[in-house]
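# Descriptive structure summary
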Amino acid sequence: MNSAGHPEATAGRGLELTPFRGLRYDPDRVGSLAAVTSPPYDVVVRPDGLLHLESADPHNIVRLILPQAATPEARNEQAARTLRRWRAEGVLTTDPEPGLYVYEQRDGEGLLQRGIIGALRVSDPSERVVLPHEDVMPHVVADRAALMRATWANLEPLLLTYRGDDAVTPVTTALVERTAERPPLLATTTEDGYRHRLWSVTDPATVARVRTELSRHQALIADGHHRWATYRTLRAEHPSPSPWDHGLVLLVDTARYPLRVRAIHRLLHGVPVREAVAALEGRFRVRRLDTPLAESLVTLAEAADAGNAFLLAGDGAFHLVDRPDPGLLARTVPTDRPETWRTLDATVLHATLLAHVWHVPDDSAAHISYIHDTAATVAKAERDGGTAVLMHPVREEVVRELARQGVTMPRKSTSFGPKPASGLVLRALDD
């Protein structure tokens, strides 16, 4: 453990962050930097959101991370052609020197997050260097892998967290804060109100000190489990050494810059609320709440303090689901995991409600969608006649402790943020 009481990587090699020549938009070739950025690919889930981003600027990054065509093969080839064209036209240009990139995000409510972007060595799970906390869906990994193969690029960074020393200012954190006092390479404010700034650190001696310090740490995947699994898949396909040995990440020291943790909600397709509620009779307590969304979420939070709780929506009201039958949980929740895992809302949702009560497969987009935005989940359920299952977020310390034990949570259990904007810096593997 380090002096702050946090376990370090158990193998001889910890985090290995390497400088790279960033691929960035030329601000003189696009309408605005804000107009070409996007949230991560899995946050842009609604067609209206995708169309909005596509129309914001003809060079919006969404045309690379979520290309639109008739087949997966056509989509990936389209993204590859688009990337080649933008580079040939100078819309995207490569920085002259390899470096690490300091990245800052601020919102209008006082949140400040800073971290460092680099190419991280892709390690094996047995090394305990990069700790996942959620399961992944194989078809999503296959989709991302096909896109990366076609474009030969890391189009957006994962969000990883590590714990620096609480007592003294670590080398990397000191560098991040010192760099943030300089004029940035770029600065832009996106329509969600976040201000983004980016700097490059190219001095070899400074980079070496950062790399030495980070080599004593392990990291938790906060956002990007499928992309990390994709990195591992592609690394296995290419004999080492190769560019696929590394993947693009943003590392944030949460001892200095704590992240926000939010829930990811579920939308059950083809399951009306009345049917979902009827199936719960005798298994959970269900109470109808004739209150607005914000007030109903407060009620959900209060119920979650006492045990498993969910909000169902889609029929114009909210239904609080709590107090599961202990016998039902004993029969449906696997017993081969720690108590903390067995009592997670996400565990009970997937193991009990989806599998045994509602009989909804959780690995098919035809049956279930995962949506970050609460109001959007409710609106889509009401529009489509499905059931929105609103979740209460799990605490970060619970996530980290399970990850250290090697226990993964059900897929899409958490949403850490703020997430890095896609489109500010890319990594082309042919550089």
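Okay, so let's go over this structure.

Here is what the cut-offs are and how they apply
- Residues numbered from 1 in each chain as written.
- Predicted model: local features only at pLDDT ≥ 70, side-chain atom pairs only at ≥ 80, totals over all residues.
- Heavy atoms only, no water.
- Axes fitted to C-alpha atoms, helices over the stretch in contact; angles between N-to-C directions.
- Helix = DSSP H or I, 4+ residues; strand = E, 2+ residues; numbered from the N terminus.
- Parallel < 35°, antiparallel > 145°, perpendicular 65-115°, else oblique.
- Contact = heavy atoms within 4.5 Å.
- Nonpolar A, V, L, I, M, F, W, Y, C, P; charged D, E, K, R; others polar.
- Salt bridge = Lys/Arg side-chain N within 4 Å of Asp/Glu carboxyl O.
- Buried < 20%, exposed > 50% of the residue type's maximum accessible area, 1.4 Å probe, protein only.
- Pairing = 2+ DSSP bridges.
- Phe/Tyr/Trp six-rings, centres within 6.5 Å; stacked < 30°, edge-to-face > 60°.
- Lys NZ or Arg CZ within 6 Å of the ring centre and 35° of its normal.
- Left-handed = near helix turned anticlockwise from the far one by under 90°.
- Core = buried A, V, L, I, M, F, W, Y, C linked by side-chain atoms within 4.5 Å.

## Quick look at the packing of helix H6 (residues 171-179) against helix H7 (residues 204-214)
- The geometry of H6 relative to H7 is characterised by a closest axis approach of 8 Å and an angle of 140° between their N-to-C directions. Between H6 and H7, the angle is such that the two are oblique. In contact with Val 171, Thr 172 and Leu 175 of H6, H7 contributes Thr 206, Arg 209, Val 210, Glu 213 and Leu 214.
- A breakdown of the residues in the contact of H6 with H7 according to their chemical character gives four nonpolar, two polar and two charged.

## Concerning the pattern of salt bridges
- Summed over all chains, the structure comprises 28 salt bridges.
- Here Asp 384 and Lys 380 are joined by a salt bridge, their closest N and O atoms 2.9 Å apart. With Asp 384 and Lys 380 both in helix H14 (residues 374-384), this residue pair falls four residues apart, about one helical turn.
- Taking the relative accessible area as the measure of exposure, Lys 380 reaches 22% and is therefore partly exposed.
- A cluster of three or more residues bridged by salt bridges with shared partners is formed by Arg 13, Glu 16, Arg 121 and Glu 127.

## A word on the pairing of strand E12 (residues 246-253)
- Of all eight residues in E12, seven are buried, a share of seventy percent or more.
- One ladder, built from six bridges, connects strand E5 (residues 112-121) with E12; its direction is antiparallel. Residue pairing in the sheet places Leu 120 in a bridge with Gly 247 of E12.
- Note that strand E8 (residues 158-162) and E12 share five bridges and pair parallel. Within E12, the position partnered with Leu 160 by the bridge is Leu 251.

## Section: the packing of aromatic side chains
- This model, assessed by the stated rule, comprises four aromatic pairs.
- Between Trp 152 and Trp 244, the ring centres sit 4.8 Å apart and the planes meet at 90°, which makes this aromatic pair edge-to-face. On the criterion of sequence distance, the pair formed by Trp 152 in the loop between helix H5 (138-151) and strand E7 (153-154) and Trp 244 in the loop between helix H8 (225-237) and E12 is long-range, its members being 92 residues apart.
- Exposure remark for Trp 244: the relative accessible area of 4% places this residue in the buried category.
- The residue whose ring lies beneath Arg 144 is Tyr 41, and the NZ or CZ to ring-centre distance is 4.0 Å.
- Lying across the ring of Trp 341, Arg 337 places its NZ or CZ 4.5 Å from the centre.

## Re the packing of helix H4 (residues 72-89) against H5
- Interaxial distance between H4 and H5 falls to 8 Å at its minimum, and their mutual angle equals 35°. Note on packing geometry: the crossing formed by H4 with H5 is right-handed. Residues Asn 76, Ala 79, Ala 80 and Leu 83 of H4 form the contact with H5, whose own contacting residues are Ala 146, Leu 147, Ala 150 and Thr 151.
- In the contact of H4 with H5, the residues fall into six nonpolar, two polar and no charged.

## Observations concerning helix H15 (residues 396-404)
- For H15, the complete set of buried residues consists of Glu 396, Val 398, Val 399, Arg 400, Leu 402 and Ala 403.
- Immediately beyond the C-terminal end of H15, within one or two residues, lies Gly 406, with a positive phi of roughly 80°.

## A closer look at the nonpolar core
- One finds Tyr 25, Ile 117, Leu 251, Phe 310 and Trp 358 to be the most contacted residues of the largest nonpolar core, which totals 112 residues.
- When residues of this core are assigned to their parent elements, the largest contribution, seven residues, is made by helix H13 (residues 345-357).
- Residues within four places of Ile 117 in sequence aside, it is in contact with Phe 20, Leu 100, Tyr 101, Tyr 103, Leu 198, Leu 248, Val 249, Leu 250 and Val 425.
- In this structure, Ala 303, Ala 304, Ala 309 and Leu 390 belong to the second largest nonpolar core, which totals 16 residues.

## So, the sheet that holds strand E17 (residues 318-322)
- The six strands lie next to each other as E15-E17-E16-E19-E14-E18, forming an open sheet whose pairing is antiparallel. Each end of this open sheet is capped by a strand with a single partner; those strands are strand E15 (285-289) and strand E18 (368-371). Between one strand and the next, the sheet's axes are offset by a mean angle of 25°, whatever the strand orientation.
- When strand E14 (residues 265-268) meets strand E19 (residues 387-390), the two strands line up antiparallel, connected through three bridges. Within E19, the residue paired with Leu 268 across the bridge is Thr 387.
- Helix H10 (residues 293-304) contacts E15, strand E16 (309-313), E17 and E19 of the sheet and is inclined by roughly 155° relative to E16.
- Packing of H13 onto the sheet brings it into contact with E14, E16, E18 and E19, and relative to E16 it is tilted by some 60°.

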